[in-house]
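This is what each chain is made of:
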Amino acid sequence: MQLVVGRIGRAHGIKGEVTVEVRTDEPELRLGPGAVLATDPAATGPLTIATGRVHSGRLLLRFEGVADRTGAEGLRNTLLIAEVDPEQTPDDPEEYYDHQLVDLDVVTTDGTEIGRIAEISHLPYQDLLIVRRPDGSEVMIPFVSEIVPEIDLDAQRAVVDPPPGLLDGPESGRSAGGEVSDGGVSGGEAANGGAANGEAGDGEAGGARGSEGGATGDGTSGGGTGGSRESGGRDA
């Protein structure tokens, strides 16, 4: 399975380094020197990591064959993709890869059906479960333990305990056409977990509960009880 483990941001300095938005809780494994990564767009890769370091809270990588700022700028917004065994699971039993969460049925603690997880939205300050309702509308649920107390992979469901108003009305999510409505992001604390090596000015922030994205999708999801470390397969 191909999973997105990072996104290249702006060039740093004049020697070919780039900032990287980390989308994995295992950057030392996925984004270490010598790692060979596929890319999206595919024509940009494959890329082999030559060096890596953390500077001011951001991950900086340099790739083989990229020796100057011009070459680094040419990589901007490229997604970095790793091959991952689809049977692989996080070491922490309370953490999840995004591809494990997509398509789970979502019910409240009293058994009321809400819909099905369509995707994970990865924001700088928290991750959201994008839940598609039977009528085609979508609701965004912060992926934190207070609101999502249970993930049952065997039963293929996520149990939510939403605060009042979270699921009510058009403000609770976005329309079937995908437009985010006012107030669509509701509640939730910043998620725990993944590496936050992003660059805020560039929209780069690392995963919360973890984060590797699907081969042509991206993002990371997170929450208080552990999290999805690798966002996978939604568009792969």
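What counts, and at which threshold
Residues numbered from 1 in each chain as written. Predicted model: local features only at pLDDT ≥ 70, side-chain atom pairs only at ≥ 80, totals over all residues. Heavy atoms only, no water. Buried < 20%, exposed > 50% of the residue type's maximum accessible area, 1.4 Å probe, protein only. Helix = DSSP H or I, 4+ residues; strand = E, 2+ residues; numbered from the N terminus. Pairing = 2+ DSSP bridges. Polar contact = N/O pair within 3.5 Å; in protein donor to acceptor, adjacent residues only side chain to side chain. pLDDT = per-residue confidence, 0-100. Contact = heavy atoms within 4.5 Å. Core = buried A, V, L, I, M, F, W, Y, C linked by side-chain atoms within 4.5 Å.

1. Observations concerning the pairing of strand S3 (residues 36–40)
Item 1. Of the two faces of S3, only the one carrying Leu37 and Thr39 is buried; Val36, Ala38 and Asp40 on the other face are not.
Item 2. Following S3, the chain reverses through six residues before pairing antiparallel with strand S4 (residues 47–55).

2. A word on unusual backbone geometry
Item 1. Look at the link from Asp40 to Pro41: it is a cis peptide, with omega at 10°.
Item 2. Relative to the assigned elements, Pro41 resides in the loop between S3 and S4.
Item 3. A cis amide bond, omega 0°, links Gly45 with the succeeding residue Pro46.
Item 4. As for its placement among the helices and strands, Pro46 is situated in the loop between S3 and S4.
Item 5. With phi around 75°, Asn77 is a residue other than glycine that occupies positive phi space.
Item 6. Relative to the helices and strands, Asn77 is located in the loop between helix H2 (69–73) and strand S6 (79–83).

3. What to know about the side chain of Arg23
Item 1. By the secondary structure assignment, Arg23 is in the loop between strand S2 (17–22) and helix H1 (27–30).
Item 2. Using a relative accessible area of 4% as the deciding quantity, one classes Arg23 as buried.
Item 3. A polar contact is formed between the side chain of Arg23 and the side chain of Glu21, at a distance of 2.8 Å.

4. Remarks on the confidence of the model for the protein chain
Caution is warranted with low-pLDDT regions, since their predicted coordinates should not be read in detail.
Item 1. Overall, the prediction assigns the protein chain a mean pLDDT of 76, with 68% of residues at 70 or greater.
Item 2. Throughout residues 175–222 the model reports pLDDT below 50, and contacts reaching past four residues in sequence, or to other chains, amount to 209 contacts.

5. Regarding the environment of Leu101
Item 1. Inspection of the secondary structure puts Leu101 in helix H3 (residues 98–101).
Item 2. A relative accessible area of 0% places Leu101 in the buried class.
Item 3. For Leu101 and Ala158, which are 57 residues apart along the polypeptide, the C-alpha to C-alpha distance reads 8.2 Å.

6. Describing the environment of Asp40
Item 1. Looking at where Asp40 falls in the secondary structure, it is placed in strand S3.
Item 2. Classification of Asp40 by relative accessible area gives partly exposed; the value is 27%.
Item 3. The sequence separation of Asp40 and Arg7 amounts to 33 residues, and the corresponding C-alpha distance is 9.5 Å.

7. A closer look at the nonpolar core
Item 1. Ile8, Leu31, Leu37, Ile49, Leu61, Phe63 and Leu80 are the most contacted members of the largest nonpolar core, which totals 21 residues.
Item 2. Those elements giving two or more residues to this core turn out to be strand S1 (2–12), S2, S4, strand S5 (58–63) and S6.
Item 3. With four residues, S1 is the largest single contributor of residues to this core.
Item 4. Non-local contacts of Leu31, meaning those with residues more than four positions away in its chain, are made with Val5, Val22, Thr24, Glu26, Leu37, Ile49, Leu59, Leu61 and Leu80.
Item 5. Ranked by size, the runner-up nonpolar core spans 20 residues in total, among them Val106, Val148, Ala158 and Leu166.

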